[in-house]
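Geometric and topological summary
Here's the letter readout for the chains.
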Amino acid sequence: MKRVVVDPVTRIEGHLRVEIKVDEASGKVQDALSSGTAWRGIELVVKDRDPRDAWAFVQRICGVCTTAHALSSLRAVEDALSIEIPKNANYIRNIMAATQNVHDHLVHFYHLHALDWVSPVEALKADPAATAALQNTVLEKYQLPVTGPQDFNFDAYPKDFPKATSTYFAAVRDKVKKIVESGQLGIFAGHYWDHPDYTVLPPEVHLMAVAHYLNMLDRQREIVVPHVVFGGKNPHPHYIVGGMPCSISMNDMNAPVNSERLALVDQSVSMALDLVNYFYLPDILAIGDIFVKNGFVDGGGLAKERVMGFGDFPDEPYSGIANGDFHKKLLLRCNGVVENFGKGIESASYFDLEAKDFSDPAVINEGVEHSWYSYPENKNLHPWDGVTNPQFTGPKEGDKTDWKYLDEEGKYSWIKTPKWRGKMTEVGPLARYIIIYTKVKRGIIQPTWAEKMIVDQIEAVSKVLNLPPEVWLPTTVGRTATRALEAQVFANMNKYFLDKLIANIKNGDTATANLDKWEPESWPKESKGVGLHEAPRGALSHWVVIKDGKIANYQAVVPTTWNACPRDDQAGHGAYEACMMDTKVKIADKPLEVLRGVRSFDPCIACSTHLYNASGKEVSVVNTDPYFKG
Amino acid sequence: MKTKDSMWDLFQRRGLSRRSFLKTCITLTGILGLSPSMLADVVAAAEKNALPVVIWLHGHECTGCDESFIRSQSPMASDVLLNMISLEYSDTLSAASGEQFEKHLKETMEKYAGKYILATEGGVPLAEDGIYCMVGGRPYVTVLKEVAENAAAIIEYGSCASWGGIQAARPNPTNSVAVSDVVSGKPIINVPGCPPIPEVMTAVVMHYALFGEIPPLDSQGRPKQFYGNRIHDTCYRRAFFDSGMFVEKFDDAGAKAGWCLYKMGCRGPSSYNSCGNMRWWNGLSYPIQSGHGCIGCSSKGFWDNDPFYQRLPNIPVPKTITTADEVGMVAVGAAVAGVVAHGAISAVQKNKRQTEKHDDNVRGPQA
């Protein structure tokens, strides 16, 4: 048995450490430990501030999923103050959220995850002409027969299309060769390039993927143009409580939104569709197909047992979340929990998740058995009732500021352990896909166009892989593939909401903000709200309590908390740990397979909500989760 | 500050033999997974000049600065990463992880001692011996100090590294501070913003790659080129301020016509950054153009200059010029008041410039 530590885990957001115990003979991971090793305390920072500013503060929880926390925060504050935003603001926010998902997913694959599958060193062996031929085959073979709704399409031809010439691939290969020969490998330095998994793909796939890595590095900025137009910048675009600050006028070039600005958005939306349809999705399917055919159907872990979603993308404005109206208006009704999908859709169980469940301590609570906190009588507590008692116990071996091994039997992470009805659950794109597929196939919902597209995609991919969904979906490949499939849905969602925005402006409605409740004098003395969002990494929730015009309590339970949490002695392992333990390792010292599994979640580890002053004394009872990330 | 030494230069300087140099090249060829026939190419490359080496560390941050960096259009991210610098260590982009990655960091620090650029992102938490941000099992502050020791220059990317950032806003639970609060004796380039404009971030390394030295800095260590103007003075809505034409309420007629956002709390009059002249996405927009006031994200301590929708005169800021009501003395006085206001601002600018000139270089020698 060998114990291997990987710290820092790179190509993620934030500070993550994993430790695994590997049986070297069988390659089986006997135990795995996931630890968040930093916290910042933004929930305390936001306390006593103006709730209209909260979105800007909590947006800085994460610069990768940059709009996710701003949007959840706006929704929570608007829920507390009973503000219904105008139609245009709803459409624009949906475009910004869908844009974020497309961008985040694409950058995650090419720039954070791809190097777990492909290697620039292998690319050197590729024949440029054969790579050009491969590119053509990939484009033909891996197009999914699905389309989204479109009213206007000004895109005359695909502006962004993969270059499939031998000259191009030869130039890319030569550049990679120069880098390798220079000895200055830069971002490619020091990795396990000799790992046998890098020979699963033929050299030509490596070269094609490396070319796309570079191509997408330079193109990704164009995807977020809607953020720059509607929010002024990216990362961290601007919003306002009650709607959007980007007023619309077709009479003024100085207006934040006019015809010229809408044309910019339209162009970007069309381009994002091209990037997903011609680069991202075919690349993922080509790579995934080869890996699956080589037996890589592991890494599913918790996804086979339990997944959860909250639902998102209100088609039209809603009057509140706590009152249930939000969940009646959604295009993506992935709110719910699915158990045992790994045993097949017939054996899977579905449990609904409604607005009222979010305030029920029996439905969602958190424990700190293995987190650096203590709870009275070591009970599980609902986020609303959390207390903050820090209990940093240090590592098992080493000292406080120089760790050797963390203590899996004791406390080992700043992340708490959230549970649904006392059970561990996975969230994210894979969870959303499993839930919607189950709900539609079992007749629980009549699908919207977006939900139908998801089911069609799953069936089309099952055909390509020649495997049923329950086999390929809950795996490391499936987790990575659903992100690309989802990018296609979100790219179409952009087009859908842009069409709705234009149609609404055409009808004479240019309002972008509802300011009836802008002044604090118009607010109740005390109010509470919840904001839900399906962020790129999964189900995200923010809670706010507003008292006397100020934030009295602010809480967030984020996707990475659900996935990256430490174990619970009753409920078992969280999603990261379960994934690692469902993955075989070929070389214990070079656990590439485990890192590929962890990165398939798109880890985003940045902030804690457990807040203490410098002497470790409790300074607030505002607590939920240590990790505040989407 | 010349950094363009080849591996062979380094071997010669350390008095190491040609034989040990060739041995290293053979090892390198193996590590890179290259065939032995490519040894000659590796030797040739190692004798050539190298790209400036950059080590990028992450403390208490949100990775928004990395995201901004790769959004750069000119130069493009791929050109920066492959042809202008050699980014040997980055939590966000590097292929390697864990032990091998930490070993590579150590080797890079030794090999390029005194030559590498240290780029930092994020604040530095000091509470409880720094355990609130651990990297490789050690406090970030420890790693930061180690890497800083032999750096040629340090870049503080973003308002967290520059000023402590959001986690340092009251009550600053982790006692998070700026990089320059714990590291000194080096040229430190301060590139604030939440995040900074992509092209400002890449321009700093591009300047270094082009001219072999760090760009000229102001009294606060910021590149003069990008932080020399107030957003207010470069804002395309400035004429409306001068004419007293203000947005009074979001989405009102003034908002639709793109009037001045001063009364909506805009921090443009106290913020030094290039949002007004460069804008984001090579001139596409910036927060004010999209209808929201500037929140002053490049200013020191801006998070505690809230609430953001209260206009400047009502909060403690250092450079209040006049009140909006005075400026906007409605129709009749508008033109006159505009001139007065403009004069006042110009005077402030002038004083600012003189002050800057006076205390240049306070943060350390320029290259």
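Calculation notes
- Position numbers for residues count from 1 along each chain, tracking the sequence in the order it is written.
- Going through the entries in the order they are written, you letter the chains from A and number the ligands from 1.
- Restriction of local features to residues with pLDDT of at least 70 applies here, the model being predicted, together with a cutoff of 80 or more for giving and counting side-chain atom pairs; totals for whole chains, interfaces and linings are based on all residues.
- Computation of side-chain values: all heavy atoms of the structure, hydrogens and water removed.
- Lines are fitted to the C-alpha atoms to define the axes, a helix being fitted only along its stretch in contact, and any angle between axes, read from their N-to-C directions, falls within 0 to 180 degrees.
- Put simply, DSSP marks the helices as runs of H or I at least four residues long and the strands as runs of E at least two long, and each gets a number from the N terminus on.
- Roughly parallel means an angle under 35 degrees; roughly antiparallel, over 145; roughly perpendicular, 65 to 115; everything else is oblique.
- We call a crossing left-handed when the near helix sits turned anticlockwise from the far one by less than a right angle, and right-handed when that turn is clockwise.
- For this analysis, residues touch if any pair of their heavy atoms sits within 4.5 Å.
- Gly counts as polar in this scheme, as do all residues outside two lists: the nonpolar Ala, Val, Leu, Ile, Met, Phe, Trp, Tyr, Cys and Pro, and the charged Asp, Glu, Lys and Arg.
- Two N or O atoms form a polar contact when they lie within 3.5 Å of each other; inside protein one atom must be a possible hydrogen donor and the other a possible acceptor, and for residues adjacent in sequence the pair counts only when both atoms belong to side chains.
- The aromatic pairing rule takes the rings of Phe, Tyr and Trp, using the six-membered ring of Trp, and pairs them if the centres are within 6.5 Å, calling planes under 30 degrees apart stacked, those over 60 edge-to-face and the rest tilted.
- The buried label goes to any residue with under 20% of its type's maximum accessible area, the exposed label to any with over 50%, and the partly exposed label to all in between, with areas taken from a 1.4 Å probe on protein chains only.
- Definition used: whenever NZ (Lys) or CZ (Arg) falls within 6 Å of the ring centre and also within 35 degrees of the ring normal, the charge is taken to sit over that ring.
- Just so you know, the count uses Lys and Arg for positive and Asp and Glu for negative, and it drops His and the chain ends.
- Any carboxyl oxygen of Asp or Glu within 4 Å of a side-chain nitrogen of Lys or Arg constitutes a salt bridge here.
- Cavities and pockets are found on a 1 Å grid laid over the protein atoms alone: a cavity is a set of points where a 1.4 Å probe fits but cannot escape, a pocket is an open set with protein on both sides within 12 Å along at least five of seven lines, and a lining residue has an atom within 4 Å of such a point.
- Grid points are joined across faces, edges and corners, and a volume is the space filled by probe spheres set on the points.

**Focus on the packing of helix H4 (residues 87-113) of chain A against helix H8 (residues 203-223) of chain A**
All names here are of chain A. At a closest axis distance of 10 Å, the pairing of H4 and H8 adopts a crossing angle of 160°. By the angle between their axes, H4 is roughly antiparallel relative to H8. For the pair H4 and H8, the sense of crossing is left-handed. Residues Thr99, Val102, His103, Leu106, Val107, Tyr110 and His111 of H4 touch H8, and the partners they reach there are His212, Tyr213, Met216, Leu217, Gln220 and Ile223. A class-by-class count of the residues in the contact of H4 with H8 yields eight nonpolar, five polar and no charged.

**Remarks on the environment of A:Asn234**
Along the chain, the position of A:Asn234 falls in the loop between helix H9 (225-231) and helix H10 (259-293). Setting aside residues up to four positions removed in sequence, A:Asn234 forms contacts with A:Thr66, A:Gln100, A:Val224, A:His227, A:Val228, B:Arg71, B:Trp280 and B:Trp281. A polar atom in the side chain of A:Asn234 sits 3.0 Å from the side chain of A:His227.

**Topic: the packing of aromatic side chains**
Ring pairs (aromatic) are described by centroid distance and by the angle formed between their planes. Residues and elements named next belong to chain A. Tallied over the entire structure, the rule returns 42 aromatic pairs over all chains. Centroid distance tyrosine 318 to phenylalanine 326: 5.0 Å. Interplanar angle 75°. Geometry classified as edge-to-face. Of the two residues examined, tyrosine 318 and phenylalanine 326, each falls in the buried class. Geometry around tryptophan 518 places arginine 52 over its ring, the cationic atom sitting 4.9 Å from the centre. Its guanidinium or amino end placed over the ring of tryptophan 117, arginine 596 lies 5.1 Å from that ring's centre, counting from NZ or CZ.

**So, the side chain of A:Lys439**
Residue and element names in this part refer to chain A. One can find lysine 439 in helix H12 (residues 429-441). For the buried residue lysine 439, which engages in no salt bridge, the nearest side chain bearing the opposite charge is aspartate 352, 4.6 Å off. A polar contact of 2.9 Å, which involves the side chain of lysine 439, links it to the backbone oxygen of asparagine 335. Apart from residues no more than four positions distant in its own chain, lysine 439 is found in contact with Arg333, Asn335, Tyr350, Ile444 and Ile445.

**A look at the layout of surface pockets**
The volume enclosed by the second largest pocket comes to roughly 700 Å³. Mapped onto the lining of the second largest pocket, the elements with two or more residues apiece are strand E1 (2-6) and strand E12 (402-405) of chain A together with helix H6 (98-111) and helix H8 (140-149) of chain B. Per-class residue counts for the lining of the second largest pocket are 11 nonpolar, four polar and 13 charged.

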